[in-house]
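Each chain, letter by letter, is given below.
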Amino acid sequence: MSPLTHAPADEWAEHVFTSALGAIDTLAIHIGDRLGWYRALAEAGPLTADELAERTDTSPRYAREWLEQQATSGFVDATDDEPMRFSLPAGAAEALTDERSLAFISPLARMLAASAAQMPLLLEAYRTGGGVSWDQMGDDARWSQADMNRPWFESMLAGALEGAADLHDILDRPGARIVDVGCGAGWSAIALAHAYPQATVVGVDIDAPSIARARTNAEQAGVAPRVTFHQGDASTLAGSFDAAFVFEAVHDMSQPVDVLRAIRRSVVPHGAVVIMDEGVGDAPVAVGDDIERLMYGFSLFVCLPDGLSSQPSVGTGTVMRPSTLRSYAQEAGFSDMSVLPIEDFSFFRFYRLHH
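The written sequence of each chain sets the order in which its residues are numbered from 1. Totals for whole chains, interfaces and linings use every residue, but because this is a predicted model, local features are given only for residues with pLDDT of at least 70 and side-chain atom pairs only at 80 or more, for both listing and counting. Water and hydrogen atoms play no part in the side-chain values, which are based on all heavy atoms of the structure.

Colleague: Tell me about the sheet that holds strand β7 (residues 267-278), residues and numbers included.
Modeller: What makes two strands pair is DSSP finding at least two bridges between them. The way it works is that DSSP assigns letters per residue, a run of H or I at least four long becomes a helix, a run of E at least two long becomes a strand, and they are numbered from the N terminus. Spatial strand order, β5-β4-β3-β6-β7-β9-β8: 7 strands in an open sheet with mixed pairing. Two strands bound the open sheet, and with one partner strand each, they are β5 (227-231) and β8 (336-339). Taking each pair of neighbouring strands and ignoring which way they run, the sheet shows an average axis angle of 20°. The contact rule is simple, with two residues in contact once any of their heavy atoms fall within 4.5 Å. Fitted lines through C-alpha atoms serve as axes, helices being fitted only where they are in contact, and the angles separating the N-to-C directions of these axes extend from 0 to 180 degrees. Each of β6 (241-247), β7 and β9 (348-354) touches helix α9 (residues 139-162); the most contacted strand, β6, lies at about 140° to it.

Right under this line is the structure:
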């Protein structure tokens, strides 16, 4: 039961009002992120509105309004000078501009703004049971997910996998072949290549722009000779791999059992199949925690519409409970599923599927 179940109307109105303030801040963060205003403040602040606009080739009047809103909401510091000068605190600069930091959070605003921009399509999908694909969501949605996960893959994945001894031994074998299914912009495949320099990695994704970006990222990271990327439907996956990973992608798939079945066929009998997906609870609860609220938000506006954009679809949604993944794995022919001893890895849980 909600804490507000028996509250009077004015408390419900206050609840909605507080939520609206959060939405305003989120959209304002998106503006500052996309126009380079946060980055300019981090690099050259304190700045006046005119100076910020000049550095970023944007409108001074809009820059002033945004800066005043950001000061009012506590995101930037402002002086009493005339004209006012604005600066970005060090912690805010890291969280909003440092793409290598585990605290990097501005892509979250980008994701939500991208989905809000498609509200007419989302409403139609909700009426008809159709969907809105990643391609329709556009680049802001596509790259925001990649940017949110990148620092975790770069900084934490190697250590996390090393702590899972049996899995680490498989990946560390000379000549190991690893497939990354649903690789997106390639940061997970690149991190695997860095962690296991004796291995070769194959990334597979159905999205052509993501594969193009992944190839560029691998070239720039210096691992292109050992990391290759292929566009295609993972349900047709073929080959012989020592290990397969699916990072935060099973819940987006219209037919996850077909993909898991293809993975099972492609991984050698004593290999490893690892699924990283949202670390939600075992069952729904009447009032969930903040992680559950966030995941349902992603599901409402991004993942469930994407999953339903290709038919037929099981319509998993972001909030994929462990029991749901287990049922998919068993239907695909896996005998069991366990949770790997990897904790505090963003919002995720690591599962291992057993032949």
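Colleague: Kindly report on the environment of F347, identifying the contributing residues and their values.
Modeller: Mapped onto the fold, F347 is located in the loop between β8 and β9. In this structure the C-alpha to C-alpha distance between F347 and M295, which are 52 residues apart in sequence, comes to 9.3 Å. Here F347 is in contact with D277, E278, G279, I291, L294 and M295, once residues within four sequence places are set aside.

Colleague: Tell me about the pairing of β5, and please be specific about residues and values.
Modeller: By the bridge criterion, 5 bridges tie strand β4 (residues 200-205) to β5 in an arrangement that is parallel. Across the sheet, V202 pairs through a bridge with T228, a residue of β5. We call a crossover right-handed when, viewed with the strands running away from us, the connection from the first strand over the helix to the second turns clockwise. In this fold, the crossover linking β4 to β5 by way of helix α12 (residues 208-221) has right-handed handedness.

Colleague: Summarise the packing of aromatic side chains; cite the residues concerned and give the values.
Modeller: In summary, the pairing rule links any two rings of Phe, Tyr or Trp, Trp by its six-membered ring, whose centres are within 6.5 Å, and it sorts them by plane angle into stacked for under 30 degrees, edge-to-face for over 60 and tilted for everything else. For the coordinates displayed, the defined rule picks out 6 aromatic pairs. Centre to centre, the rings of W37 and W66 are 5.0 Å apart; their planes meet at 50°, and the pair counts as tilted. One end of the pair, W37, is in helix α2 (residues 37-44); the other, W66, is in helix α4 (residues 60-72), and 29 residues separate them in sequence. The same class applies to W37 and to W66, which are both buried. A centroid spacing of 5.1 Å and a plane angle of 70° characterise the contact between Y38 and W66, whose relative ring orientation is edge-to-face. Of the two residues, Y38 is situated in helix α2 and W66 in helix α4; the sequence distance between them amounts to 28 residues. In this structure Y38 comes out as buried when scored by relative accessible area, which is 1%. Throughout, exposure labels follow a simple rule: accessible area from a 1.4 Å probe, protein chains only, divided by the maximum for the residue type, with under 20% read as buried, over 50% as exposed, and the rest as partly exposed. Here W66 falls in the buried class, since its relative accessible area comes to 6%.

Colleague: Talk me through unusual backbone geometry; I want residue IDs and the actual numbers.
Modeller: Here G45 and P46 are connected by a cis peptide whose omega angle stands at 5°. When you line up the elements, P46 lands in the loop between α2 and α3 (49-56). Along the chain, E82 connects to P83 via a cis peptide bond; the corresponding omega equals 0°. Mapped onto the secondary structure, P83 falls in the loop between β1 (77-78) and β2 (86-87). A positive phi is found at E248, a non-glycine position, where the angle reads about 50°. Notably, D344 is not glycine yet its phi reads approximately 55°, a positive angle. Considering the arrangement of structural elements, one finds D344 in the loop between β8 and β9.

Colleague: Account for the packing of helix α6 (residues 106-116) against helix α14 (residues 290-307), with residues named and values stated.
Modeller: Relative orientation of the contacting elements α6 and α14 amounts to 35°, with a least axis distance of 9 Å. Every pair of crossing elements has a handedness; the one defined by α6 and α14 is left-handed. In contact with L108, M111 and S115 of α6, α14 contributes L294, F298, F301 and V302. When residues are sorted by character, Ala, Val, Leu, Ile, Met, Phe, Trp, Tyr, Cys and Pro go into the nonpolar class, Asp, Glu, Lys and Arg into the charged class, and all the rest, Gly among them, into the polar class. Taken together, the residues of the contact of α6 with α14 sort by class into 6 nonpolar, 1 polar and no charged. Working rule for handedness: look at the near helix, and if it is turned counterclockwise from the far one by less than a right angle, call the crossing left-handed; if clockwise, right-handed.

Colleague: Would you mind going over the side chain of D277 in detail, with residue names and values included?
Modeller: Examined against the element boundaries, D277 turns out to sit in strand β7. For the purpose of charge, His is not counted, nor are the chain termini; Lys and Arg are scored as positive and Asp and Glu as negative. By definition, a salt bridge exists where a carboxyl oxygen of Asp or Glu is found within 4 Å of a side-chain nitrogen of Lys or Arg. It is R349 that comes nearest to the buried, bridge-free D277 among opposite-charge side chains, at 8.5 Å. Contacts described as polar in this section are N or O atom pairs within 3.5 Å, which, within protein, must combine one atom able to donate a hydrogen with one able to accept it, while residues neighboring in sequence count only if both atoms come from side chains. Here the side chain of D277 touches H251 through a polar contact of 2.7 Å, side chain to side chain. Not counting the four nearest positions on each side in its chain, D277 is found in contact with E248, A249, V250, H251, T318, M320, F347, F348 and R349.

Colleague: Tell me about the packing of helix α1 (residues 9-34) against α4, residues and numbers included.
Modeller: Taken N-terminus to C-terminus, the directions of α1 and α4 make an angle of 130°; their axes are 11 Å apart at the nearest point. Comparing the axis directions of α1 and α4 gives the class oblique. Here the hand of the crossing between α1 and α4 comes out left-handed. Across the interface between the two elements, I24, D25, A28, I31 and G32 of α1 pack against W66, Q69 and Q70 of α4. Broken down by class, the residue content of the contact of α1 with α4 amounts to 4 nonpolar, 3 polar and 1 charged. Here is the rule for angles: anything less than 35 degrees is roughly parallel, anything more than 145 is roughly antiparallel, 65 through 115 is roughly perpendicular, and the remaining ranges are oblique.

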